[in-house]
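Now for the letters of each chain:
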Amino acid sequence: MSDTAASDTAALLSPHQIALVDVNCFYASAERAFDPSLEGRPLVVLSNNDGCAVTRSPEAKALGIPVGEPWFKIAPRAKEWGLEVRSSNYELYGDISARVMQLLGRYSAWLEVYSIDEAFLGVKGTQDELRRLGHSIKAAVRRNVGVPVCVGIAGTKTLAKLANKWAKNNPGLNGVCHWDAMPAPAREALMARLSVIELWGVAARLTKRLNSQGIYSILDLARADPVRIRDRFSVVLMRTVLELRGTACIPLEEERIGREQLIFSRSFSTPITTAADLRQVMSVYAQQASARLAKHGLQAKLLTAFAGTSHYNPADTSYPTVCITLPMPTADPVLLTRASHALLPKIQEGIKYVRAGIMVTDLRPTGQQSPLPAFANPHEERGIGTLLEDISRRFGRGSVGLGHAGIRGGPDWSMQRTMLSPRYTTNWDELPLVKAA
């Protein structure tokens with residue numbers, strides 16, 4: 001083999017490539033997997049309490065329905081458009097996601113589940129081999145799970161994201177794009193056409209700051225001086241610049257260790273108007289937080305409790321918040337429940353609160369800071385939080401609770417889902433039926 005041929009072969013080999021597999025319009029695709037009649041029809045999936053459109057099929061996007069559009073604004077024209085609407089079926093979506101990720105694990109020992117609908121895989125091979133692998137993954141997910149995916153392959157996570165976006169918006173690629181296999185002028189043209197806000201990790205506020213420095217497109221950022229970007233912005237953005245240039249700076253993580261915060265929040269199907277009713281809500285959330293902390297071996301030092309009225313009801317507005325520093329890092333359900341109740345004196349009686357929640361932060365591994373024996377918490381030593389989690393996992397949420405969280409009945413603050421499709425894969429009573437002709 002000549003030196004030139006050997007050089008060309010070495011350039012084609014990809015010892016450290018990353019594939020990003022992303023489910024197209026995930027919620028809508030999951031609905032269509034069990035209801036083929038939805039194929040080709042405009043479909044939106046609504047947020048909690050059927051509030052607003054969080055997922056739109058391509059056909060619904062073509063109607064001009066923006067993401068976040070309230071359902072009450074869409075509803076009057078839904079019949080005219082032939083629009084199909086579904087409530088968020090989280091049980092179905094979670095199970096579909098688990099099936100997709102399990103299948104992807106067959107293609108690589110190096111898998112990072114990034115979100116409910118996307119994952120990074122470590123892959124190797126020539127450009128042709130990797131393109132064939134991408135098409136194989138796409139076909140397998142569609143055949144075995146029933147949802148469509150696009151695959152972007154590149155040498156860095158940031159470029160894999162761009163390649164995935166390219167595959168999703170260019171029908172000629174048939175859902176698979178290998179960044180390095182595309183002509184260099186085409187890559188530059190794409191980066192010049194896309195605003196920096198299209199980049200992974202770049203939000204509106206950062207976009208404005210970049211624009212003020214004369215950086216408007218992704219290509220502008222890729223050509224910027226990394227050191228200058230680090231000094232004026234952050235090391236994180238400098239890594240993005242280097243990744244755009246092909247230098248991998250964001251490694252694959254087999255498991256994400258450590259959490260910065262846990263949030264438990266929900267909108268109510270029926271507004272809550274009294275502090276007494278909200279007491280039960282806060283008790284339930286605090287004990288859910290306790291169970292989740294115990295599950296992950298974490299303790300919290302800070303608890304924030306909050307509530308709010310509807311943005312569409314300007315007549316009565318109230319957004320009380322309270323931040324409580326706990327006496328010690330803890331996952332104790334009793335201490336967390338008491339702390340959450342500090343919000344109650346700020347509740348205005350008669351005002352219609354439509355959402356509430358708690359957030360625990362300053363999280364640390366359990367046992368990292370042990371109290372002196374005189375200040376030890378008896379509930380935590382007995383593992384009450386772990387016990388609540390074990391019982392709930394075996395008998396279901398709501399099967400056990402401390403104090404007000406254990407009261408049956410009470411206010412109707414559960415989530416409203418009036419257009420919910422069957423939970424085909426997680427509920428025995430809602431399994432799909434096949435009728436032989």
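Rules of the game
- Residues numbered from 1 in each chain as written.
- Predicted model: local features only at pLDDT ≥ 70, side-chain atom pairs only at ≥ 80, totals over all residues.
- Heavy atoms only, no water.
- Helix = DSSP H or I, 4+ residues; strand = E, 2+ residues; numbered from the N terminus.
- Buried < 20%, exposed > 50% of the residue type's maximum accessible area, 1.4 Å probe, protein only.
- Contact = heavy atoms within 4.5 Å.
- Areas by Shrake-Rupley, 256 points an atom, 1.4 Å probe, with all protein chains shown as cover.
- Salt bridge = Lys/Arg side-chain N within 4 Å of Asp/Glu carboxyl O.
- Expected span 1.5 Å × (residues − 1).
- Arc of directions from axis to C-beta.
- Pairing = 2+ DSSP bridges.
- Axes fitted to C-alpha atoms, helices over the stretch in contact; angles between N-to-C directions.
- 1 Å grid on protein atoms, 1.4 Å probe; cavity = no way out; pocket = protein on both sides within 12 Å on 5 of 7 lines; lining within 4 Å.
- Points joined across faces, edges and corners; volume = space filled by probe spheres on them.
- Polar contact = N/O pair within 3.5 Å; in protein donor to acceptor, adjacent residues only side chain to side chain.
- Parallel < 35°, antiparallel > 145°, perpendicular 65-115°, else oblique.
- Left-handed = near helix turned anticlockwise from the far one by under 90°.
- Nonpolar A, V, L, I, M, F, W, Y, C, P; charged D, E, K, R; others polar.
- Core = buried A, V, L, I, M, F, W, Y, C linked by side-chain atoms within 4.5 Å.

## Observations concerning the overall build of the protein
Each helix and strand in the protein was counted, giving 16 helices and 12 strands. Put simply, the protein has 437 residues, and 44% of those count as buried. Long-range pairs, those at least 24 residues apart, make up 68% of the contacts in the protein with a sequence separation of at least 6. Carbon and sulfur atoms form 53% of the exposed surface of the protein, whose accessible area is close to 22600 Å².

## What to know about the pattern of salt bridges
Scanning the model with the defined rule gives 16 salt bridges in all. Close ionic contact of Arg-86 with Glu-84 constitutes a salt bridge, the shortest N to O distance being 3.4 Å. Glu-84 carries the same exposure label as Arg-86, and that label is buried. Between Asp-95 and Arg-99 there is a salt bridge; the shortest N-O distance is 2.8 Å. With a gap of 4 residues between them, Asp-95 and Arg-99 both fall in helix H5 (residues 90-104), about one helical turn apart. A residue is classified by how much of its surface remains accessible, and Asp-95, at 19% relative accessible area, is buried.

## Brief notes about helix H6 (residues 127-144)
An ideal rise of 1.5 Å per residue puts 26 Å on 18 residues; H6 measures up with 26 Å between its terminal C-alpha atoms. What H6 keeps buried is the set Gln-127, Leu-130, Gly-134, Ile-137, Ala-140 and Val-141. Down the axis of H6, the buried side of the element spans an arc of 150 degrees, and every buried residue falls inside it. Away from its buried face, by an angle of more than 90 degrees, H6 presents the exposed residues Arg-132 and Arg-143. Backbone geometry just after H6 places Gly-146 at a positive phi near 95 degrees.

## Focus on the sheet that holds strand E4 (residues 84-86)
Read across the open sheet, the 3 strands follow the order E3-E2-E4; overall the sheet is mixed. With one partner strand each, in any of the chains shown, strand E3 (53-56) and E4 form the two edges of the open sheet. Neighbour-to-neighbour, the strand axes of the sheet open up by a mean angle of 25 degrees, direction not taken into account. As paired elements, strand E2 (residues 43-46) and E3 share 3 bridges and run antiparallel to each other. Within E3, the residue paired with Leu-46 across the bridge is Ala-53.

## Digging into the layout of surface pockets
Computed from the structure, the second largest pocket encloses a volume of approximately 690 Å³. What lines the second largest pocket is a set of 28 residues, among which Asn-24, Cys-25, Pro-58, Lys-61 and Lys-168 lie closest to the centre. Those elements giving two or more residues to the lining of the second largest pocket turn out to be strand E1 (14-23), helix H2 (26-34), E3, helix H3 (58-62), H6, strand E7 (149-154) and helix H7 (157-169). It is H2 that provides the largest number of residues to the lining of the second largest pocket, a total of 4 residues.

## What to know about unusual backbone geometry
Most peptide bonds take the trans form, and the phi angle of most residues other than glycine is negative. In the Ramachandran plot, Cys-25 falls in the positive-phi region, its phi being about 40 degrees despite a non-glycine side chain. Structurally, Cys-25 is set in the loop between E1 and H2. Residue classification places Cys-25 among the partly exposed positions, given a relative accessible area of 24%. Residue Asp-362 is not a glycine yet carries a positive backbone phi of 55 degrees.

## Examining the side chain of Asp-22
Tracing the backbone through its elements, the reader meets Asp-22 in strand E1. Only 2.6 Å separates the side chain of Asp-22 from the side chain of Lys-168, close enough to count as a polar contact. Apart from residues no more than four positions distant in its own chain, Asp-22 is found in contact with Asp-117, Glu-118, Pro-148, Val-149, Cys-150, Asn-164 and Lys-168.

## Details of the packing of H5 against H6
Running from N to C, H5 and H6 cross one another at 140 degrees; their axes reach a closest spacing of 10 Å. For the element pair H5 / H6, the angle class is oblique. Of the two possible hands of crossing, H5 and H6 adopt the one that is right-handed. Only Ile-137, Ala-140, Val-141 and Asn-144 of H6 make contact with H5, whose side of the interface consists of Val-100, Leu-103 and Leu-104. Residues of the contact of H5 with H6, tallied by class, amount to 6 nonpolar, 1 polar and no charged.

## Considering the side chain of Lys-161
Within the secondary structure layout, Lys-161 lies in helix H7. The class for Lys-161 is buried, based on a relative accessible area of 19%. The contacts of Lys-161, once residues within four sequence positions are left out, are Leu-20, Tyr-114, Glu-118, Phe-120 and Trp-200.

## What about the pairing of E2?
Burial along E2 is two-sided: the face carrying Leu-43 and Val-45 and the face carrying Val-44 and Leu-46 are both buried. Bridge count for E2 against E4 is 3 bridges, and the pairing is parallel. The residue bridging Val-45 from the neighbouring strand is Arg-86, located in E4. Where E2 folds back onto E3 in an antiparallel hairpin, the turn is made up of 6 residues, including Asn-49, whose phi is positive at roughly 60 degrees.

## With respect to the nonpolar core
Among the nonpolar cores identified, the biggest contains 35 residues, and Trp-179, Leu-210, Leu-221 and Leu-244 are the most heavily contacted of them. Where this core is concerned, the elements lending two or more residues are E1, E7, H7, helix H8 (184-193), helix H9 (204-212), helix H10 (218-222) and helix H12 (235-244). For this core, the element with the most residues is H7, which contributes 6 residues. Those residues within four positions of Trp-179 in sequence are excluded, and the remaining contacts are Ile-153, Ala-154, Leu-159, Leu-162, Ala-163, Trp-166, Arg-187, Leu-190 and Met-191. Counting residues in each nonpolar core, the second largest holds 31 residues, with Ile-272, Ala-307, Leu-326 and Val-360 among its members.

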